[in-house]
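Each chain, letter by letter, is given below.
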Amino acid sequence: MEVNVEARRILAVSISKLYASRTQRGGLRLHRSLLLSMVMRSARDIYHSSRETEGQTSEEPMETSSKEGCDSEITEDKENMSPTKQSRKRRGKASAAPDFLPSKRARLEPGEERYAAPMGSWRFDPPPTHIAHQGADLHQRSRDRGITGTMVQALRSI
Amino acid sequence: MGAGGGTSDVQWCFSQVKGAIDDDVAEADIISTVEFNHSGELLATGDKGGRVVIFQQEPESKNQPQCRGEYNVYSTFQSHEPEFDYLKSLEIEEKINKIRWLPQKNAAQFLLSTNDKTIKLWKISERDKRPEGYNLKEEDGRYRDLNTVTTLRVPVFRPMDLMVEASPRRVFANAHTYHVNSISVNSDCETYLSADDLRINLWNLEITDRSFNIVDIKPTNMEELTEVITAVEFHPNQCNTFVYSSSKGTIRLCDMRASALCDKHAKQFEEPEDPNNRSFFSEIISSISDVKFSHSGRYMMTRDYLSVKIWDLNMESRPVETYQVHEYLRSKLCSLYENDCIFDKFECCWNGNDSVVMTGSYNNFFRMFDRGYRQDVTLEASRENSKPRSVLKPRKVSTGGKRKKDEISVDSLDFNKKILHTAWHPLDNIIAVATTNNLYIFQEKLN
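Residues numbered from 1 in each chain as written. Chains lettered and ligands numbered in written order. Predicted model: local features only at pLDDT ≥ 70, side-chain atom pairs only at ≥ 80, totals over all residues. Heavy atoms only, no water.

**Q** Help me understand the overall build of chain B in this model?
**A** When you go through chain B residue by residue, the secondary structure sums to two helices and 32 strands. At 24 Å, chain B has a C-alpha radius of gyration in line with the 22 Å of a compact globule built from 447 residues. Intrachain contacts of chain B at a sequence separation of at least 6 include 55% that bridge at least 24 residues. For chain B, the exposed surface amounts to about 21000 Å²; the carbon and sulfur share of it is 47%. Of the charged side chains in chain B, 56 are positive and 67 negative; the average position of the first set lies 3 Å away from that of the second. (Helix = DSSP H or I, 4+ residues; strand = E, 2+ residues; numbered from the N terminus. Rg over C-alpha atoms; globule rule 2.2 N^0.38 Å. Contact = heavy atoms within 4.5 Å. Areas by Shrake-Rupley, 256 points an atom, 1.4 Å probe, with all protein chains shown as cover. Lys, Arg positive; Asp, Glu negative; His and termini not counted. Charge placed at Lys NZ, Arg CZ, Asp CG, Glu CD.)

**Q** Is there a simple way to explain the interface of chain A and chain B in this structure?
**A** Size of an interface: often given as the accessible area lost when the parts come together. The partner chain B presents 37 residues to the 36 residues of chain A that form the contact. For the pair chain A and chain B, the interface holds seven salt bridges. Between A:Arg29 and B:Glu93 there is a salt bridge, with its nearest N and O atoms 2.8 Å apart. Summed over the shared surface of chain A and chain B, the result is 14 residue pairs in polar contact (both at pLDDT 80 or more). Elements with a contribution of two residues or more to the side of chain A that touches chain B: helix H1 (2-21), helix H2 (30-55) and helix H4 (147-156) of chain A. (Salt bridge = Lys/Arg side-chain N within 4 Å of Asp/Glu carboxyl O. Polar contact = N/O pair within 3.5 Å; in protein donor to acceptor, adjacent residues only side chain to side chain.)

**Q** Is there a simple way to think about the packing of H1(A) against H2(A) in this case?
**A** The axes of two packed helices give the description: the angle between them and the distance between them. Residues and elements named next belong to chain A. The geometry of H1 relative to H2 is characterised by a closest axis approach of 8 Å and an angle of 150° between their N-to-C directions. With respect to their mutual orientation, H1 and H2 come out roughly antiparallel. Between H1 and H2 the crossing geometry is left-handed. On H2, the residues that touch Val3, Asn4, Ala7, Arg8, Ile10, Leu11, Ser14, Ile15, Lys17, Leu18 and Ser21 of H1 are Arg32, Ser33, Leu36, Val39, Met40, Ala43, Arg44, Ile46, Tyr47, Ser50, Arg51 and Glu54. Considering only residue class, the contact of H1 with H2 consists of twelve nonpolar, five polar and six charged. (Axes fitted to C-alpha atoms, helices over the stretch in contact; angles between N-to-C directions. Parallel < 35°, antiparallel > 145°, perpendicular 65-115°, else oblique. Left-handed = near helix turned anticlockwise from the far one by under 90°. Nonpolar A, V, L, I, M, F, W, Y, C, P; charged D, E, K, R; others polar.)

**Q** I'm lost on the sheet that holds strand S23 (residues 321-324) of chain B in this one. Help?
**A** Strand-to-strand pairing in sheets goes through backbone hydrogen bonds, with the strands running parallel or antiparallel. All names here are of chain B. Read across the sheet, four strands follow the order S20-S21-S22-S23 without closing on themselves; strand pairing throughout is antiparallel. Looking at which strands have only one partner, the edges of the open sheet turn out to be strand S20 (290-293) and S23. Sheet twist, expressed as the mean angle between neighbouring strand axes with direction ignored, is 15°. (Pairing = 2+ DSSP bridges.)

**Q** Even after reading the chapter, I still don't get H2(A), so can you show me in this structure?
**A** Each α-helix winds once per 3.6 residues, and so residues spaced three or four apart point in a common direction. For H2(A), spanning 26 residues, the distance from its first C-alpha to its last is 36 Å, which sits close to the expected 38 Å at 1.5 Å a residue. Burial within H2(A) is extensive, with 22 of its 26 residues counted as buried. (Expected span 1.5 Å × (residues − 1). Buried < 20%, exposed > 50% of the residue type's maximum accessible area, 1.4 Å probe, protein only.)

**Q** Honestly, empty space enclosed by the protein in this entry has me stumped. Any pointers?
**A** Any empty space left between the atoms is revealed when a probe the size of a water molecule rolls over them. All names here are of chain B. The tally for this structure, following the rule as stated, stands at four cavities of 30 Å³ or more. In this structure, the second largest cavity occupies an estimated 100 Å³ of space. Considering every element that reaches the lining of the second largest cavity, the biggest residue donor is strand S7 (residues 90-92), with three residues. By residue class, the composition of the lining of the second largest cavity is five nonpolar, four polar and four charged. (1 Å grid on protein atoms, 1.4 Å probe; cavity = no way out; pocket = protein on both sides within 12 Å on 5 of 7 lines; lining within 4 Å. Points joined across faces, edges and corners; volume = space filled by probe spheres on them.)

**Q** For this particular structure, what's the right way to read the confidence of the model for chain B?
**A** In low-pLDDT regions, the fine details of the predicted coordinates are not to be read closely. Residues and elements named next belong to chain B. Per-residue confidence for chain B gives a mean pLDDT of 93, with 97% of residues at or over 70. Contacts of residues 1-6 to residues separated by more than four positions or lying in other chains number 25 contacts, the stretch itself having pLDDT below 50. This prediction of the complex comes with two scores: 0.80 for pTM and 0.89 for ipTM. (pLDDT = per-residue confidence, 0-100.)

**Q** How should the pairing of strand S8 (residues 98-101) of chain B be read in this particular structure?
**A** Where a strand is regular, its side chains alternate between the two sheet faces. Residues and elements named next belong to chain B. Of the two faces of S8, the one lined by Lys98 and Arg100 and the one lined by Ile99 and Trp101 are each fully buried. Sheet topology places S8 next to strand S9 (residues 109-114); four bridges connect them, and they run antiparallel. Each residue of the ladder has a partner; that of tryptophan 101, found in S9, is leucine 111.

**Q** Can you walk me through the side chain of B:Glu227 in this structure?
**A** For B:Glu227, the location among the structural elements is in the loop between strand S15 (212-216) and strand S16 (229-234). In this structure B:Glu227 comes out as buried when scored by relative accessible area, which is 14%. At 2.8 Å, the side chain of B:Glu227 forms a polar contact with the side chain of B:Ser246. Side chain to side chain, B:Glu227 and B:Arg252 meet in a polar contact 2.9 Å long. Setting aside residues up to four positions removed in sequence, B:Glu227 forms contacts with A:Leu34, B:Leu198, B:Ile217, B:Ser246, B:Ser247, B:Lys248, B:Thr250 and B:Arg252.

**Q** Hey, could you run me through unusual backbone geometry in this one?
**A** Excluding glycine, residues mostly carry a negative phi; peptide bonds, for their part, are mostly trans. All names here are of chain B. The residue serine 89 is not glycine, and still its phi comes out positive at about 50°. Inspection of the secondary structure assignment puts serine 89 in the loop between strand S6 (83-85) and S7. Its identity is not glycine, yet arginine 389 carries a phi of approximately 65°, on the positive side. Checked against the element boundaries, arginine 389 lands in the loop between strand S27 (375-380) and strand S28 (396-398). On the basis of relative accessible area, arginine 389 is assigned to the exposed category, the value being 51%.

**Q** Help me understand the packing of aromatic side chains, please; the structure alone is not making it clear to me.
**A** Two aromatic rings are characterised by how far apart their centres lie and by the angle between their planes. All names here are of chain B. Scanning the model with the defined rule gives 21 aromatic pairs over all chains in all. Centroid distance phenylalanine 84 to tyrosine 86: 5.2 Å. Interplanar angle 65°. Geometry classified as edge-to-face. Exposure remark for phenylalanine 84: the relative accessible area of 41% places this residue in the partly exposed category. For tyrosine 86, a relative accessible area of 69% translates into the label exposed. With 4.9 Å between their ring centres and 40° between their planes, phenylalanine 281 and tyrosine 337 make a pair best called tilted. (Phe/Tyr/Trp six-rings, centres within 6.5 Å; stacked < 30°, edge-to-face > 60°.)

In C-alpha cells:
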C-alpha cells in the first residue's frame, strides 16, 4: 500500500532527524522534538492501521484514503487506536525480529504503558539495512520502550 | 512622507547592503535577528556568532533631499559567548535569538539581547570628549612620580573623536531551563518578559537575581506534552496585557491584573483547522513562529509556516484577515520536511501606521500585504538588484503549468536562500531585510 510505504518512509526520516538532533549544538530542541514526535506518531498510526487492514484483524474499519505523495489523510479512528490493544503475538508475515534485538519485552516503568508499543508490532518489514541499524541502536539504548518512549526519553533528558 | 503608502503607490528602491559578498557563508555571520529602535535612527542586528552590530542613520543631506540618510556602522560588540552547561553536558549557543530596544530616556541607548539562556541589558553611549591635564597622571595614563608634582591643576574636558561604547549593564541569567525564544519590553519601561518553550518570566530591568514566573505550561508528566510556547509580546499600550503563541497555532492573551499566575488566559485565539488540508505535517505548519501587535494595539499578527493572519483582539474565533505567503509550498511539505525547511521560523512586521505587513519567504523573496488596498507584492533581495536607487521589480512564482516570462517556477526556488528576519522603520518607509548573512536596506522611491 502506498500509504504504508510513505508512512514508513516518513517514520524513518523522522527517526534519523531525532537522532541527529541529539548531537547538534545547543542540545535537543524541545519544540523541534515535539513536532518530530507528532509526525512520527501520525506516521506510526497510519502504518499500524494499514498493516492491520492488510492483516484483516482490525476491530474497527479503517477509512483511509491516499493522496499523491505523502500528504495522506489521517484516519478518524487514529486517536482510538491504542497500541496496547495490539498483541505482541500478532506478527506480520516476514517480521521475525532480527537477532540483534532483545527477544524479551522488558519491564515498563509506571506511566509508560500508554506509549510503549510491543517490539514486533511495528517492525519494518523487511527493514532496509541502514534503518535496521538505526532502529537497533535506538532499541538497544531503550529496550523496554516503544518509539514514542524513545522520544520521551530524549525529551526528558533536557 | 509618512509611514503610509499602500503597495499600489509605493515603489521600493535598493538603498544599501551590509555584509560579506562571498558565497561561502561563515556560520557565525548568519543574521539571526533585526530590529529598529523606537525612532528608527538605529538598526541592530544579531548573528549566530553572538555579535550585535548597530547601524545609525546619517542625517538627511541637504544636497540630496530625495534620499533618506544611509545607515552606517555605529557600534559592534560581542554580546554573548558560547558557554557550557556542565551539569547537562550541553553547549549553550551564543547565537542572538532576539534584540529589543528600550525606549530612549537619556543620551544613552539601551537594548536587551538574548541567546538561549541569558538575557543581557546593554548600554550604548557616545563619548566625544575626554578629560585632559591630570595632576597626577601623564597623558598616557602612567602615574607621575609624586616628587615631580609641584603644581595643582584641574583636568578639563577636550573634544575627541567620537567613540561609541557598549557596556553590559545587567545580566539576567539562570532563569530558563528551556531555550529562550523571545523577549518583550513592557510599555512601562520597567519590566520585560522572557519566554522559553514552557515558561514565561517577568523581570524588572533593575533586578537580575530574580524573576517572576507568570506562565508555566509544563505538564507534570512530560509524556503529556502537546504544545510549547513559541513567542511572547507585551501589548504596546496596556502594561498589564501580553500575548503568547503556541506550537499548536493558538494565541493566548493574559491580563496580569487578574492573578499573579497567568496560566489561565483571558482570551484564546484559535482558528479551526480546515479538514481538507489535513496531512502528516498539519501540526508543524500550524505552529506560530512570530506574533506582533499592531502599533495601535487593536490588532495582532501571527505567522505560521504558510500564512500571515491578522487578529482583532475583540474576536477570538478566527482571524479578520489571512494572507497566503507561499501557498504553492503546500504540496511540497514532504520535501520541505526532509530538507528541514518546514521547521524554519519566519518573522513578520507591521509598517508604521499598520496599513501594510511584511514577511519573508524563500529564494530571498519577501512579501508585503497591503491591508487597505488588498494587494500584495513579492520582492527579492539580491545582489543583482543592488544598484543604488534601482527600483525593485515585483517577482512572481509560477504555480500553474505554464510559466510566463519573468516568472520563476516553484522547483527553481532556492530553499537555502531564506528571509526569516525583516524589520520596518517605525515612522518611514524604510525596511531592513536579512538574507542569510547580508542585511539589505530598501527605501521608498521619492521623487
